[in-house]
Amino acid sequence: MEEEVVEVMKKSSRASPAMSSTTHVHSPSMVDSAPKTPKSPFATRFMNTPLASPMKKAFENIHGYLEEVGRFTKLDRQDAWLPITESRKGNAYYAAFHILSSGIGFQALVLPLAFTNLGWIWGIICLCGAFMWQLYTLWLLIQLHESESGVRHSRYLKLAMAAFGEKLGKLLALFPIMYLSGGTCVTLIMIGGGTMKIFFQIVCGEGCTLSPLSTTEWYLVFTCTAILLAQLPNLNSIAGVSLIGAITAVAYCALIWIVSMVKGTLPHVSYDPPKGPSKFTSTFCVCNALGIIAFAFRGHNLVLEIQGTMPSDAQQPSRLAMWRGCMFAYLIIALCLFPLAIGGYWAYGNSIPPDQGMLSALYKFHQHDTSKLIIALTSMLVVINSLSSFQIYAMPVFDNLESRYTIKKNRPCPRWLRVALRGFFGCLAFFIAVALPFLRSLAGLIGGIALPITLAYPCFMWVEIKKPKIYSINWCLNWTLGILGMVLSLMVVTGAIWSIVAQGIKFHFFNPQ
């Protein structure tokens, strides 16, 4: 009888699989003939004892934690081979060092120039507004670093491609990012090499018997030193260099504005904004001033890269430590930039030299009534900070060059090739600095093109990725700031073009002054 039942059930299972999945026949013969499932290693007498239950629970917790981490962050094998993400042992202190070293630089020294066209009230208002604006977009980038799918966007270009699509993301972000990295390195060679020359002249004195080096030779000395420092393997390994750069940046900013304010205002100082021959002239001057303020808060192209050096898991996501480091760093940056801009304008008014701003003003107006030790120390601090900033701004270029090799060969970049690539970039930056010494005159134009990286794109990327409710406060705020950032970029570019046309540029190739 049992055999007939089994035969009937087999036929019915072939005819109706759905029925077989829900019908159960408890037959001793079927139970005996079914294959036996191997027992779990936990299903032993020992593991069922009260002593083993805590161990069993711990194993289950570890398994659940590993699954949660796996869902939270997905690692790319390429990241372990590239200099930005090769080491993920960073922390909030390292992040603060990197941000301070890159956030305070030569762009801060020309901030008082913006006040000459905006005046006291509008200058302070625009400076405060730009600071809060860029701090908000910085927060957006930090939050967007880790996506809900677990992917970490450790490069600004990758985030732009994820938000806008591969083609549009490259079109919008590739050139500004490469300019903010490579172009800044070229400018640092010009400033660092030129300041080295001034430092030598101050230390050697007027009766020096040593034959001075030319400007090109000083550029070469700076470049060789920068290439040697660039042999540190990855972004996390230059944390000590960034610490030195941060200390020197804070020190020379403090020295410059303190000396300027102690010496007092210049005789017959004027704070009246210059009147142009027409309203268009005044408008374009205001656009240039806004560009100077906005360009002082660059560096957002490095934020995601810095955050990519940090470890991250479900309990301690990297955005927490990154935001702590950023808040500390930008507190120090504010304490440097605001006194430098306000104190510099108070001391010099409209007499601030347009080239290097406060540094040139210190040499021009206080070279004879200030100790040579202070002026030489300030020059040396500027050189050291320029060398430190070169390393962090060049790192995205190094990462991009090495990624071409790792993607093609599917293996890490060998040491000799890494040295060769970094040496090649240093030599290329040196060649551009010597061949195009007028490049700094175009900084306003190219800086206006790169301005959306800081003020506009983060807002648009937040809307595209997070998709806030339409017409909500979050949606309206980000769209408004994004559009304003694009309009400001257009105004800065227009003002820079007008300045070039009205004042002209001396195109002297291969002749740095």
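- An unreviewed UniProt entry lists the protein chain under the name Amino acid transporter transmembrane domain-containing protein, with Arachis hypogaea as the source organism.
- Its UniProt record, at the heading Sequence similarities (unreviewed entry), says of the protein chain: "Belongs to the amino acid/polyamine transporter 2 family. Amino acid/auxin permease (AAAP) (TC 2.A.18.1) subfamily."

1. Remarks on the overall build of the protein chain
So, step 1. Along the backbone of the protein chain there are 21 helices and zero strands.
So, step 2. By the burial criterion, 49% of the 513 residues in the protein chain qualify as buried.
So, step 3. When contacts within the protein chain are restricted to residue pairs at least 6 apart in sequence, long-range pairs at least 24 apart make up 83% of them.

2. Considering helix α16 (residues 372-409)
So, step 1. With 38 residues, α16 should reach 56 Å at 1.5 Å per residue; the first-to-last C-alpha distance of 55 Å fits that figure.
So, step 2. Where α16 bends most, the angle comes to about 35°, and this point is Ala-394, followed within four residues by the proline Pro-396.
So, step 3. Asn-410 sits one or two positions beyond α16 and adopts a positive phi of about 60°.

3. A short note on the packing of aromatic side chains
So, step 1. Taken as a whole, this structure holds 20 aromatic pairs when the rule is applied.
So, step 2. With a centroid separation of 5.9 Å and 80° between ring planes, the pair formed by Phe-131 and Phe-338 is classed as edge-to-face. On the criterion of sequence distance, the pair formed by Phe-131 in helix α7 (residues 111-144) and Phe-338 in helix α14 (residues 318-348) is long-range, its members being 207 residues apart. When sorted by exposure, Phe-131 lands in the same class as Phe-338, which is buried.
So, step 3. An aromatic cluster is defined as three or more aromatic residues linked by ring pairs; in this entry it consists of Phe-115, Trp-120, Tyr-271 and Tyr-345.

4. Some details on the nonpolar core
So, step 1. One finds Ile-293, Met-322, Phe-390 and Met-461 to be the most contacted residues of the largest nonpolar core, which totals 127 residues.
So, step 2. Broken down by element, the residue count for this core peaks at 16 residues, all from α7.
So, step 3. In this view, Phe-390 contacts Cys-185, Leu-188, Ile-189, Phe-222, Ala-226 and Phe-425; residues no more than four positions away in its chain are not counted.

5. Things to note about the pattern of salt bridges
So, step 1. Evaluated as defined, the whole model comprises eight salt bridges.
So, step 2. For Arg-88, the salt bridge is made with Asp-79, and the minimal N-O distance between the two is 3.3 Å.
So, step 3. Salt-bridge contacts for Arg-155 lead to Asp-79; the nearest nitrogen and oxygen are separated by 3.4 Å. Of the two residues, Arg-155 is situated in the loop between α7 and α8 (156-164) and Asp-79 in the loop between α4 (53-72) and α5 (92-103); the sequence distance between them amounts to 76 residues.
So, step 4. A relative accessible area of 12% places Asp-79 in the buried class.
So, step 5. Here the residues in one salt-bridge network are Asp-79, Arg-88, Arg-155 and Asp-399, joined through shared partners.

6. Side note on the side chain of Thr-215
So, step 1. Within the element layout of this structure, Thr-215 appears in helix α10 (residues 215-229).
So, step 2. For Thr-215, a relative accessible area of 6% corresponds to the buried category.
So, step 3. Apart from the residues within four sequence positions on either side, Thr-215 is in contact with Lys-197, Pro-512 and Gln-513.

7. Let's talk about the environment of His-300
So, step 1. Mapped onto the fold, His-300 is located in the loop between α12 (279-295) and α13 (303-307).
So, step 2. Taking the relative accessible area as the measure of exposure, His-300 reaches 1% and is therefore buried.
So, step 3. Spatially, the C-alpha atoms of His-300 and Ile-99 are 9.4 Å apart, while their sequence positions differ by 201 residues.
So, step 4. Setting aside residues no more than four positions away along its own chain, His-300 makes contact with Gln-134, Thr-137, Leu-138, Leu-141, Tyr-156, Tyr-330, Ile-453 and Thr-454.

8. So, the environment of Cys-427
So, step 1. Note that Cys-427 resides in helix α17 (residues 415-435).
So, step 2. In sequence terms Cys-427 and Cys-224 are 203 residues apart; their C-alpha atoms lie 8.6 Å from each other.

9. Some words on unusual backbone geometry
So, step 1. Of note, His-268 is a non-glycine position whose phi angle comes to about 60°, a positive value.
So, step 2. The topology assignment puts His-268 in the loop between α11 (239-263) and α12.
So, step 3. For Lys-467, which is not glycine, the phi dihedral falls at a positive 50°.
So, step 4. Here Lys-467 is to be found in the loop between α20 (457-466) and α21 (473-503).

Analysis parameters
Residues numbered from 1 in each chain as written. Predicted model: local features only at pLDDT ≥ 70, side-chain atom pairs only at ≥ 80, totals over all residues. Heavy atoms only, no water. UniProt positions renumbered as here; feature names shortened; annotations may be inferred. Helix = DSSP H or I, 4+ residues; strand = E, 2+ residues; numbered from the N terminus. Buried < 20%, exposed > 50% of the residue type's maximum accessible area, 1.4 Å probe, protein only. Contact = heavy atoms within 4.5 Å. Expected span 1.5 Å × (residues − 1). Bend = angle between axes of the 7 residues up to and from the residue. Phe/Tyr/Trp six-rings, centres within 6.5 Å; stacked < 30°, edge-to-face > 60°. Core = buried A, V, L, I, M, F, W, Y, C linked by side-chain atoms within 4.5 Å. Salt bridge = Lys/Arg side-chain N within 4 Å of Asp/Glu carboxyl O.

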